[in-house]
Amino acid sequence: MLKPEHIRILKLAGLPPEGILISYDLNSIRRGANYFQEGRVQLTHQANSDTLIEIDSSVIGNEKYHTQTRINRSNYSIRNSCSCPLGGQCKHGVASVLEYAQSIAHHSMLAAARASTSNDVQRWLSEFEQMNTAPDPQEVDNNDSDLIYLLNVSHTKQRGLLVEPRRANLLK
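The written sequence of each chain sets the order in which its residues are numbered from 1. At least 70 in pLDDT is required for a residue's local features to be given in this predicted model, at least 80 for side-chain atom pairs to be given and counted, and no such filter applies to totals for whole chains, interfaces and linings, which use all residues. Here the side-chain values reflect all heavy atoms present in the structure, with hydrogen atoms and water set aside.

When helices and strands are tallied, the protein chain shows 4 helices and 6 strands. Each helix corresponds to a stretch of at least 4 residues labelled H or I by DSSP, and each strand to a stretch of at least 2 residues labelled E; elements are numbered beginning at the N terminus. In the protein chain, the succession of α and β elements from N to C terminus is α-α-α-β-β-β-β-α-β-β. Three labels apply to residues, based on accessible area from a 1.4 Å probe with only protein chains included: buried if under 20% of the type maximum, exposed if over 50%, partly exposed otherwise in between. A buried classification covers 31% of the 172 residues belonging to the protein chain. Contacts are assigned to residue pairs with any non-hydrogen atoms lying within 4.5 Å of each other. Long-range contacts, defined here as pairs at least 24 residues apart, represent 47% of the contacts in the protein chain between residues at least 6 apart. Methods summary: accessible areas were calculated by the Shrake-Rupley approach with a probe of 1.4 Å, and residue burial reflects only the protein chains presented. Here the protein chain has roughly 11,300 Å² of accessible surface; of this, 51% comes from carbon and sulfur atoms.

Moving on to empty space enclosed by the protein. In this analysis, the protein atoms alone were mapped onto a 1 Å grid. Cavities are point sets where a 1.4 Å probe fits without being able to get out; pockets are open sets with protein on both sides within 12 Å along at least five of seven lines; lining residues have an atom within 4 Å of a point. Grid points are joined across faces, edges and corners, and a volume is the space filled by probe spheres set on the points. As enumerated under the stated definition, the model contains 1 cavity of 30 Å³ or more in all. Its boundaries defined by the atoms lining it, the largest cavity holds a volume of some 50 Å³. Forming the boundary of the largest cavity are Leu10, Leu15, Pro16, Gly19, Ile20, Ile71, Tyr76, Ile78 and Val97. As a working rule, the residues Ala, Val, Leu, Ile, Met, Phe, Trp, Tyr, Cys and Pro are called nonpolar, Asp, Glu, Lys and Arg charged, and the rest polar, with Gly in that last group. The residue makeup of the lining of the largest cavity, split by class, is 8 nonpolar, 1 polar and no charged.

Okay, helix α3 (residues 26-37) next. Between the first and last C-alpha of α3 there are 17 Å, a value that for 12 residues agrees with the 16 Å anticipated at 1.5 Å per step. Where α3 begins, one side-chain oxygen reaches toward the backbone nitrogen of Asn27, 3.0 Å away; that side chain belongs to Asp25. Positioned one or two residues after α3, Gly39 has a phi angle of 75 degrees, which is positive. For a helix, the expected span equals 1.5 Å multiplied by the residue count minus one. We call two N or O atoms a polar contact when they sit within 3.5 Å, provided that within protein one can donate a hydrogen and the other can accept it, with sequence-adjacent residues counted only if both atoms are side-chain atoms.

Of all the positions in helix α1 (residues 4-12), only His6, Ile9 and Leu10 are classed as buried. On an axial view of α1, the arc spanned by its buried residues comes to 100 degrees, and they lie on one face. Opposite the buried face of α1, at more than 90 degrees from it, the exposed residues are Pro4 and Lys11. Positive phi shows up at Gly14, right after α1, with a value of about 80 degrees. For this quantity, the arc is that covered by the directions from the helix axis to the C-beta atoms.

The next thing to look at is the pattern of salt bridges. We define a salt bridge as a side-chain nitrogen of Lys or Arg found within 4 Å of a carboxyl oxygen belonging to Asp or Glu. Scanning the entire structure with this criterion turns up 2 salt bridges. As a salt-bridge pair, Arg40 and Glu38 come within 2.7 Å of each other at their nearest N and O atoms. Among the residues examined, Arg40 registers a relative accessible area of 27% and is labelled partly exposed. Residue Glu38 is classed as partly exposed on the basis of its relative accessible area of 49%.

This part takes up unusual backbone geometry. Of note in this structure, Tyr76 is not a glycine but carries a positive phi near 60 degrees. Turning to its location among the elements, Tyr76 is positioned in the loop between β3 (64-72) and β4 (78-82). Phi at Gln89 is positive, roughly 45 degrees, even though this residue is not glycine. Along the chain, Gln89 turns up in the loop between β4 and α4 (91-131). The class of Gln89 is buried, set by a relative accessible area of 18%.

Time to look at the layout of surface pockets. Looking at the second largest pocket, its volume works out to about 180 Å³. Lining the second largest pocket are 13 residues, with Arg31, Leu86, Cys90, Lys91 and His92 sitting closest to its centre. For the lining of the second largest pocket, the elements supplying multiple residues, two or more each, are α3 and α4. When residues of the lining of the second largest pocket are assigned to their parent elements, the largest contribution, 4 residues, is made by α3. The residue inventory of the lining of the second largest pocket, partitioned by class, reads 6 nonpolar, 5 polar and 2 charged.

So, on to the side chain of Ser23. As for its placement among the helices and strands, Ser23 is situated in helix α2 (residues 18-23). Side-chain polar atoms of Ser23 contact the backbone oxygen of Gly19, separated by 2.7 Å. A distance of 3.1 Å separates the side chain of Ser23 from the backbone nitrogen of Ile78, its partner in a polar contact. If near-sequence neighbours (up to four positions away) are discounted, Ser23 is found in contact with Ser77, Ile78 and Gln89.

Put into structure tokens, the structure is as follows:
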């Protein structure tokens, strides 16, 4: 059966979990999910169009099997052919779909994190430039220290950018 983390990965990749459930038998799903979790899948090719997702992969079972998987975007039915004795609709296909979904979900989350961080940094820089405050020459001491800003992306529910001003001494 699919575990909650598999369902989450599929949903993050835009693939309904029902696609696997209607396309494979329960034994193939269970064993394919185990193969995926054990890291036995290597994606060799993936292509997306408006109507079809194509995944080619190698899956290590008793031997190295080559799997071609096609996901119909209109109804999310999944068909795969495999070099294993079963020939297709096997655990190797399930493992390939999960590996593909993890790859897509990972890239989507990275892109979202980059965009969020980039926007936060740009916003902070804009606010900083608008302040347009130069230090008062009489307040500046000449002890070879600089003011630096540590930018830290907040990982709390209130995502944002934490700015920490620090004084640093120049090492010679």
